[in-house]
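Structural features, examined
These are the residues of each chain, in order.
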Amino acid sequence: MFAHLDPYAGDPILSLNDAFQKDPRKDKVNLSIGIYFDDAGRIPSLDAVSRAEAAMLAEARPKPYLPIEGSPAMRQAVQQLLFGADHEALASGRVVTLQTVGSSGGLKVAADFMHRWLPRSAVWVSDPTWDNHRAMFEGAGLAVHAYPYYDAATGGLKFDAMLQSLQALPAKSLVLLHACCHNPTGVDLSPAQWETLIPLIKARELLPFIDLAYQGYGDGIEEDAFAIRALARSGVRFWVANSFSKSMSVYGERAGALSLVCADREEAALVMGQLQATVRRNYSSPPIHAAGIVSLVLTDPTLNASWRADVDAMRQRIQAMRHSLHTVLAAKRPERQFDYFLTQRGMFSYTGLSPAQVDRLRDEFGVYLVRSGRMCVAGLNTGNVERTAAALASVI
């Protein structure tokens, strides 16, 4: 019955991570998968999360199905985190939020919703973007195209070309944008560039989809919500999918949310109904444990302060690794320019390496990068950063 199926080649990043695990070299370095590791090379367990879980277990509550849209407490806490507690969009009731199975679950729900209710709208993603963005929307039956974004010559942003491309899009086109810490390049729009882009979005009647998977890893938890709050103030309708995998180090809990900012309360009610129907046809309801963790960490003042301090420390460690990498590379290859490692932000950087150079890094030095040249800076630590920089210098 299934002999006609095509073989699955595997996800390139997850397959690379599997290859890393099988590599017997003791000095190997994993800079491929998008996971934050501490300076000892471990996935951290945040104190706020551990204390939240202890409090949940102590209550010994039953575990019923959550509502289709998820935990009310988590949804409210997420809205206040994203928009700010006093934002007009929340007070007017025009923001719809679902608890989702990670932000990937939010992408899937939004893609199915778009295919059902705006089937003629194509999706436009940055060139490049996270591979699963394209896969999610194409899998839902939507056409996906790319707009200019990354400038390989400078390691920066092709902002003028991006504006020119978006200016020509049909109304109701969905445009996927990264709020901060762009995956895979680490190249972000500045607040001034967002202020230039938003009027164009509004004038062209485009529908932004904001991916916020790394809140707190760019400039800070509040600062990284700039684009979301500015879009909401402008009156634009837009999606936002956010994740707590990195910021709370709860990867396997699949703690995410999907929000849609609508025109008014009445439109929001219509949207919520159809989003509930979309979820019911998919995973039916989200996980209760993830909801409890996020709700407690975001609403308990002591836990929230502890969490924010940990996120600050993670961001600062990533920045320190960027500076260390830059220092060694600049010393070993003074004829080359490596300032893009300092201007790119978040967990990822585009190194500019070719696939052949990435292969050399892996085969000769045991340093694993995605073949696009994307590096997960969070895999660097004080014990491996100098050796990694020396290996990079050898293959560039």
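Above this note sits the structure.
The paragraphs below set out a description of the structure included in this document.

If you tally the helices and strands in the protein chain, you get 15 helices and 13 strands. Its C-alpha atoms give the protein chain a radius of gyration of 21 Å, near enough to 21 Å, the size a compact globule of 396 residues would have. Referenced to the eigenvectors of the C-alpha coordinate spread, the extents of the protein chain come out at roughly 60 × 55 × 55 Å. Within the protein chain, contacts between residues separated by at least 24 positions form 75% of all contacts whose residues are at least 6 apart in sequence. A total accessible area of about 17300 Å² is found for the protein chain, and carbon and sulfur atoms account for 54% of it. Side chains of the protein chain carry 39 positive and 40 negative charges; the gap between the two charge centres is 3 Å.

Evaluation of the coordinates by the stated rule reveals 11 aromatic pairs. An angle of 80° between the planes, with centres 5.4 Å apart, marks the rings of Phe113 and Trp239 as edge-to-face. Separated by 126 residues along the polypeptide, Phe113 in helix α5 (residues 102-117) and Trp239 in strand β9 (residues 238-243) bring together distant segments of the chain. Residue Phe113 is classed as buried on the basis of its relative accessible area of 10%. Looking at Trp239, the relative accessible area reads 1%, which means it is buried. Feature note: the residues Phe113, Phe137, Phe209 and Trp239 constitute an aromatic cluster, connected by ring pairs. Above the face of the Phe20 ring, Lys28 is positioned so that its terminal group lies 4.6 Å from the ring centre. Looking at Arg116, its charged tip hangs above the ring of Trp117, at a distance of 4.0 Å from the centre.

The next thing to look at is the packing of α5 against helix α6 (residues 131-139). Where α5 meets α6, the closest approach of the two axes is 8 Å, and the angle between their N-to-C directions is 35°. The chirality of how α5 crosses α6 is right-handed. Residues Ser104, Leu107, Lys108 and Ala111 of α5 lie in contact with α6, whose contacting residues are His133, Met136 and Phe137. Class assignment for the residues of the contact of α5 with α6 results in four nonpolar, two polar and one charged.

Working definition: two side chains of opposite charge can pair if their charged atoms are close together. Applying the stated criterion to the full structure yields 20 salt bridges. A salt bridge links Asp23 to Arg25; its shortest N-O distance comes to 2.7 Å. The class of Arg25 is partly exposed, set by a relative accessible area of 28%. Residue Arg345 is joined to Asp219 by a salt bridge in which the shortest nitrogen-to-oxygen separation is 2.3 Å. Highlighted residues: Arg345 in the loop between α13 (340-343) and β11 (348-350) and Asp219 in the loop between β8 (207-212) and α9 (226-234), separated in sequence by 126 residues. Of the residues examined, Asp219 reaches a relative accessible area of 44% and is grouped as partly exposed. Put simply, Asp359, Arg362, Asp363 and Arg371 are held in one network by salt bridges that share partners.

Our focus in this paragraph is helix α1 (residues 12-22). Listed in full, the buried residues belonging to α1 are Ile13, Leu16, Asn17 and Phe20. Burial along α1 is one-sided: seen end-on, the buried residues are contained in an arc of 100°. Seen from the buried face of α1, the exposed residues on the opposite side, beyond 90 degrees, are Gln21 and Lys22. Structurally, α1 contributes buried residues whose contacts are with β1 (29-30), α14 (355-365), β12 (367-368) and β13 (374-376).

All right, on to helix α2 (residues 47-59) then. Along its 13 residues, α2 runs 19 Å from first to last C-alpha, staying within 8% of the 18 Å computed at 1.5 Å per residue. What α2 keeps buried is the set Ala48, Val49 and Ala52. The buried residues of α2 occupy one face: seen down the axis, they fall within an arc of 100°. Exposed positions of α2 whose direction lies more than 90 degrees from the buried face are Leu57 and Ala58. Summarising the contacts, the buried residues of α2 are in contact with α11 (288-299) and α12 (301-332).

Strand order in the open sheet formed by seven strands is β2-β10-β9-β8-β7-β3-β4, with mixed pairing between adjacent strands. The outermost strands of the open sheet, each flanked by one partner alone, are β2 (95-101) and β4 (144-148). Each strand of the sheet is rotated relative to its neighbour by a mean of 25°, with strand direction disregarded. Looking at chain direction, strand β7 (residues 174-178) and β8 are connected through five bridges and run parallel. Counted as the bridge partner of Leu176 is Phe209 from β8. The sheet strands contacting α6 are β3 (123-127), β4, β7 and β8, and the helix crosses β4 at an angle near 145°.

Cut-offs used in this document
- Residues numbered from 1 in each chain as written.
- Predicted model: local features only at pLDDT ≥ 70, side-chain atom pairs only at ≥ 80, totals over all residues.
- Heavy atoms only, no water.
- Helix = DSSP H or I, 4+ residues; strand = E, 2+ residues; numbered from the N terminus.
- Rg over C-alpha atoms; globule rule 2.2 N^0.38 Å.
- Contact = heavy atoms within 4.5 Å.
- Areas by Shrake-Rupley, 256 points an atom, 1.4 Å probe, with all protein chains shown as cover.
- Lys, Arg positive; Asp, Glu negative; His and termini not counted.
- Charge placed at Lys NZ, Arg CZ, Asp CG, Glu CD.
- Phe/Tyr/Trp six-rings, centres within 6.5 Å; stacked < 30°, edge-to-face > 60°.
- Buried < 20%, exposed > 50% of the residue type's maximum accessible area, 1.4 Å probe, protein only.
- Lys NZ or Arg CZ within 6 Å of the ring centre and 35° of its normal.
- Axes fitted to C-alpha atoms, helices over the stretch in contact; angles between N-to-C directions.
- Left-handed = near helix turned anticlockwise from the far one by under 90°.
- Nonpolar A, V, L, I, M, F, W, Y, C, P; charged D, E, K, R; others polar.
- Salt bridge = Lys/Arg side-chain N within 4 Å of Asp/Glu carboxyl O.
- Arc of directions from axis to C-beta.
- Expected span 1.5 Å × (residues − 1).
- Pairing = 2+ DSSP bridges.

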